[in-house]
Amino acid sequence: MNLMIFPLPRVIRYLLTFLLSCSICQVTGQERYETQADLPAHIKPTLSPPLSPQEALNSFELVEGFKIELVASEPMIEDPIIIDWDTEGRLWVAEMRGFMTDINATGQFEKIGRISVLEDTDADGKMDKVTRFLDDLVLPRALRCFQDGILVAEHEKLWYVTDTNNDLVPDEKILVDSEYATHGSVEHRPNGLLIGLDNWIYNSRSNKRYSLVDGEWIIDATENRGQWGITQDDYGRLYYNFHWSQLHSDIAPPNTLTRNPNFTPTLSVNATVSNDQLVYPIRMNTAINRGYRSGVLDDEGKLKRFASACSPWIYRGGSFPASFSGNAFVCAPAANTIKRNLITDAGLTVSGTNAYPDRDFVASTDERFRPVSLSGGPDDGALYVVDMYRGIIQQADFMTAFLRKESERRNLEQPINQGRIYRIRSSNGISHRVPDFDYLSPAQWVEQLGHPNGWARDRAQQWLVWKKPVEAIKHLQALTAGSNPRSIIHALWTLDGMGADSFLIAIDLIPHANSKIATAAMAIAARQATTTTRIQELVTTLAAQFSKSQEHAFHSALALGQLGNASETQLLLNIATSFAESPNIREAILSSLAKQELKFLQILLKNPDWANPAHGKQLLLQSLASCALRSEGEKIVRKLLELASGNHWYNLAIREGALISLLERNDPMKLDFNPGIKDARFRSLLQWPGHNPLPESTADFRPLDKDERVLYVQGQAIYAGLCASCHGPDGKGMTMLAPPLIKSEWVTGDPDRLARILLHGLEGPIEVNARKYGPPDILPAMPPVGMMS
């Protein structure tokens, strides 16, 4: 087992602790004791009796051009939570039959969960045969068809259950991880089991990833992601979410930004893809955990914003109209809707916008429609929806008195053990049937890496990595010389997963015009650069390409981190000098410098290109100083003081970086950080883009006192980590995101009002410095920054 634990700065640990305490619909002490008023008198929800599967079909409103069909329902399945398909076209279903059997969750840990296999024997599009593959499970919540069996996660353990003769009778139940999930309620435990493009198995709500190598399960540390559900796009970028925030993503490939234990990234991991949390239900949603709070429901009793975002899905099916490719669908079970987001990939930023101005992709008038999972499949690239179909989806431990009363009043706790699976098709989509995988040769499996349906491409790669047919290698090598970017990238990762030496192919593809092919090639070449000659060849190739774009520079810096001694390469210096203003690239640089921060700091200060100040350079030097102190300890304090002495512009940056690190040691006054603001030599040190220059007269200035110095540095770190991504690193605002903070009366005015905006958010349009801002120039609302005290 290779499980690493990354130390986190204290301030980050505090933020993470707060976020964990605010997970799905959790009832805090405040909510237990705050007044939970009844609904306004004019909101009068009626009873919501359960509908039959056929009646439920009439409850849906879909956008034009799509239709919804029933695939399976009770009693064939009960309480479905997630599905997956095997290569024979059979549908595997995890059934969480122990979840909320009544409003008090009686018997929730009984072994009544199961895995069922559904088949459509008459090819009419509806399942007609069920086989109970695995019984006696406690709250199973994750499932993945894998090699000659399935991976399944129940309440605490992760299992690999084999069926080598394919008779749907388990052969062996192998314990992969006895501590897959040991804490929290079912809503807050790891889930997902996504087989990534890089051949690792990733989870949501977990800091572990898994791989089966030569019959041995490898457990490796990775970044902790999301809350419920995880998906990927054509290029292996991971997407996930939290119940209050519908879509997040990692800009960097997994495990590349967390290699330096002295540095914690804030921008390129867990990046917010969409700030728009609005939902558009077509019925009342009064049975919601915080429905008593002002602003949760609108005047019609409909939910206004995500309260249960889960199970994002990037559409890669190939049969919807071309404009749907790469779109993100997100389940909103509390709102009885599914949202569609248009995704814009700008290389180092990924943004999502609602596809429709005033509606969601799917909405239902049936309060018991609870979409909890989405999936692709082998069936013409359709989108499959798992509907748990029940009145109560809130776990009992976190149910407010308001929701309990509303559920009991309207008989929502019964019936249980129902559930449906739906298929959404495009009315005029293109059919791309997946062939019968059982009869394919290795060469034909390779051909499937170019299939329009992402499900087929993924399964072909997984089969090839599993079986490792030698005869497939030449076909994979030939595929990398083709013109289809998706098949080229799949071929690269398939060769890597098979253990084939693809270094020369990767090196040749680094100059590719397609940036996604180039960055995949960089990652694989860095993994396979195991000799001095190969390292030199990789660095030379990267040096010729890094300046093409910020995306190239970002991934070049990450690749250097794979090689060791990154601080000694001229290339990393060139990247830092050319792209210091990019916060993402600064993170990539810092992640590649574990235990080399002080050396690289000294290299930068000796370089003539760093003689003149710039905002990005200041922040990079500050971070390097902070990381160096974390890495080397207080023995280098004197060295840092020497570097920060004299009249240099970087004096304050180094001192502030050291202060950030010393703050974690509860000893912020170990250094004299005040450079003497009255001294004219240091007046320029407190000037940066967007900051008003100091006045000529400093007669009224006084040095910052001890508490103010701490606040100054803390505020700078908070702004860079939380605010700059929308308001800009210089506070001038960013188009399509947020207005400026410079000269904003919202900032310089009443501090109590400013605090309320941070804590509770703000909806536009608003006026800043005599200019009106509103959509589409900025986002419609600023979400509350809940982790602020």
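Before reading further, recall that the structure is shown in the block above.
Attention here is on the structure that accompanies the text. Bear in mind that the values here come from a model prediction, so they are computed numbers and not experimental data. (Residues numbered from 1 in each chain as written. Predicted model: local features only at pLDDT ≥ 70, side-chain atom pairs only at ≥ 80, totals over all residues. Heavy atoms only, no water.)

**Quick notes on the overall build of the protein chain**
Secondary structure summary: the protein chain contains 21 helices and 30 strands in total. Across the 789 residues that make up the protein chain, the buried fraction comes to 57%. Partitioning the contacts of the protein chain with sequence separation of at least 6, the portion at a separation of at least 24 is 63%. Total accessible area on the protein chain is roughly 32500 Å²; 53% of this is exposed by carbon and sulfur atoms. (Helix = DSSP H or I, 4+ residues; strand = E, 2+ residues; numbered from the N terminus. Buried < 20%, exposed > 50% of the residue type's maximum accessible area, 1.4 Å probe, protein only. Contact = heavy atoms within 4.5 Å. Areas by Shrake-Rupley, 256 points an atom, 1.4 Å probe, with all protein chains shown as cover.)

**A look at the sheet that holds strand 2 (residues 66-73)**
With antiparallel pairing, the 4 strands of this open sheet are ordered in space as 2-26-25-24. Pairing within the sheet leaves two strands with one partner each, and these edge strands are strand 2 and strand 24 (371-375). Each strand of the sheet is rotated relative to its neighbour by a mean of 25°, with strand direction disregarded. Bridge analysis of strand 25 (residues 383-387) against strand 26 (residues 420-426) gives 5 bridges, and the strand direction is antiparallel. Across the sheet, the residue bridging to V386 is I421, located in strand 26. (Pairing = 2+ DSSP bridges. Axes fitted to C-alpha atoms, helices over the stretch in contact; angles between N-to-C directions.)

**Brief notes about the sheet that holds strand 3 (residues 80-85)**
On the basis of which strands lie adjacent, the open sheet formed by 4 strands has the order 3-4-5-6 and antiparallel pairing. Of all strands in the sheet, those with a lone pairing partner are strand 3 and strand 6 (129-137), marking the two edges. If you compare each strand with its neighbour and ignore which way they point, the axes differ by 20° on average. Pairing of strand 3 with strand 4 (residues 91-95), which is carried by 5 bridges, proceeds in the antiparallel orientation.

**Comments concerning the side chain of S556**
Mapped onto the elements of the fold, S556 is located in helix 12 (residues 550-561). Note on S556: relative accessible area 0%, which makes it buried. S556 has contacts with M522, L542, F546 and I575, leaving out every residue within four places of it along the chain.

**Structural notes on unusual backbone geometry**
With an omega of 5°, the peptide bond between E74 and P75 qualifies as cis. Inspection of the secondary structure puts P75 in the loop between strand 2 and strand 3. For A105, which is not glycine, the phi torsion reads 60° and is therefore positive. Tracing the chain through its elements places A105 in the loop between strand 4 and strand 5 (113-119). A105 sits in the buried class, given a relative accessible area of 8%. One non-glycine residue, N270, lies in the positive phi region at around 60°. Tracing the backbone shows N270 in the loop between strand 17 (245-249) and strand 18 (271-272). What makes N270 partly exposed here is its relative accessible area of 30%.

**Considerations on the environment of E767**
Along the chain, E767 falls in strand 28 (residues 766-768). Note: C-alpha distance between E767 and P739 (28 residues apart in sequence) is 9.1 Å. Dropping the residues within four chain positions of it, E767 is found in contact with E745, W746 and K772.

**Side note on the pairing of strand 12 (residues 201-204)**
Here strand 12 shows no split at all, with I201 and N203 on one side and Y202 and S204 on the other all buried. Counting the residues in the hairpin turn of strand 11 (residues 191-195) and strand 12 gives 5 residues, including N199, whose phi is positive at 80°.

**Overview of the packing of helix 15 (residues 597-606) against helix 16 (residues 615-632)**
The N-to-C vectors of helix 15 and helix 16 enclose an angle of 150°; their axes lie 8 Å apart at closest approach. The two elements helix 15 and helix 16 cross, and the hand of that crossing is left-handed. Across from E597, L598, F600, L601, L604 and L605 in helix 15, the residues of helix 16 making contact are L620, L621, L624, A625, C627, A628 and S631. (Left-handed = near helix turned anticlockwise from the far one by under 90°.)

**With respect to helix 6 (residues 454-467)**
Under the 1.5 Å per step criterion, the end-to-end length of helix 6 is 20 Å for 14 residues, consistent within 8% with the ideal 20 Å. Counting buried residues in helix 6 gives 11 out of 14 residues, a clear majority hidden from the surface. Buried within helix 6 are the following residues: G454, W455, A456, R457, D458, R459, A460, Q461, Q462, L464 and V465. Backbone nitrogen of W455 and a side-chain oxygen of the N-cap are separated by 2.9 Å at the start of helix 6; the cap is N453. Downstream of helix 6 by a residue or two, K468 has a phi angle that is positive, lying close to 50°. (Expected span 1.5 Å × (residues − 1). Polar contact = N/O pair within 3.5 Å; in protein donor to acceptor, adjacent residues only side chain to side chain.)

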